[in-house]
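Listed here are the chains, written in short residue letters.
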Amino acid sequence: MLPDLEIRVLFCYSPEVLADTYYNFQHLQEDNQEICFFTQDILRRNISTYNVTVSMVNTIKVDNLQTQYSIIYPCLTHKQVDDLAFCTLQQSMQNNDPSKFGVLPTHLLRLKNANNATVLVLQVVLCDVTGTRVTGVSATIGIRSARESIMCLGRTLFARGVKSSYIDPTILAHELGHLMGCRHPYGTGTGFDNTLGNNHGHCLVDYNSGKVVLGTIMSYAKTITPYYSNPYLFAYPPPYQNEPCGLAGLSEAYITVNNNIQKLAGIF
């Protein structure tokens, strides 16, 4: 029997997240519970060393998150916004070197510790310069400050007049992957990482169109399989069921997450 491992998540949201008439605190809590549920399912599919539980310990409003952590984009196309988000992500992640990750501010660290959380997730709104919420793109950043705290900064997107526009169940699993040392798929351009190593995600390119059609958790593919890259796993849907979900020596993120999952539970 595998030993139990609990990842306790505290969600801190900006008041702007609840600015829409049809989106309230109950909706936010329900979405956060759902994110935890999907993340737990993904981790249990991938982790062979522990029986992982992902629990939401609280959802708390924190003032001034919007001004501190949101990015105000100029009026760009979604493609341009996504490219800019990727540049910001790369600058923030500093090639996943934990010694260069951002330091969790004191007031947020205090909240995290008071709620006995092991992971902190910040939720803010993504806007352009006119104040209009940008939808249809996802930009997230993972930050870890050495041993004492772990934080995921998720730029969760909400549309006007609907409950939520884009609650991607793989976002938290993707960010936790970064915190454990995983990278985007190997390559150049938006959504790729050309640093050498075996901890990359994996994406599948269609031979005819040349476009990315599928990917693992750490990729930016539109269709994500709920696994970290693994060259010995065949989990892509038809007609790609015979394609491996990784390449040996390059995209073996499943090794990285199994070696580092305990850090998300505060065990270093």
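Preceding this section is the structure that the text describes.
Described in the following lines is the structure provided in the data block. (Residues numbered from 1 in each chain as written. Predicted model: local features only at pLDDT ≥ 70, side-chain atom pairs only at ≥ 80, totals over all residues. Heavy atoms only, no water.)

### Concerning helix 5 (residues 171–179)
- With eight of its nine residues buried, helix 5 lies for the most part within the structure.
- For helix 5, the full list of buried residues reads L172, A173, H174, E175, L176, G177, H178 and L179.
- Just downstream of helix 5, G181 is the residue with a positive phi angle, here 105°. (Buried < 20%, exposed > 50% of the residue type's maximum accessible area, 1.4 Å probe, protein only. Helix = DSSP H or I, 4+ residues; strand = E, 2+ residues; numbered from the N terminus.)

### What about the pattern of salt bridges?
- If you walk through the whole model with that rule in mind, you get two salt bridges.
- Ionic pairing is found between R8 and E6, a salt bridge with its closest N-O pair at 3.8 Å.
- What makes E6 partly exposed here is its relative accessible area of 35%.
- Residues D41 and R45 are paired through a salt bridge, measuring 3.0 Å at the closest nitrogen-oxygen approach. (Salt bridge = Lys/Arg side-chain N within 4 Å of Asp/Glu carboxyl O.)

### With respect to unusual backbone geometry
- Residue P239 is reached from P238 by a cis peptide bond, and omega for that bond is 5°.
- Note on placement: P239 falls in the loop between strand 9 (212–215) and helix 6 (253–260).

### Some details on the nonpolar core
- Membership of the largest hydrophobic core comes to 28 residues, with the highest contact counts inside it found for I7, V9, L43, L176, Y228, I261 and L264.
- If you list the elements that add at least two residues to this core, you get strand 1 (4–13), helix 1 (25–46), strand 2 (51–61), strand 4 (119–123), helix 5 and helix 6.
- For I261, the contacting residues outside a window of four places in its chain are L5, I7, L43, I47, T49, Y50, V52 and M180.
- By size, the runner-up hydrophobic cluster in this structure holds eight residues, among which are C12, I60, L108 and L120. (Core = buried A, V, L, I, M, F, W, Y, C linked by side-chain atoms within 4.5 Å. Contact = heavy atoms within 4.5 Å.)

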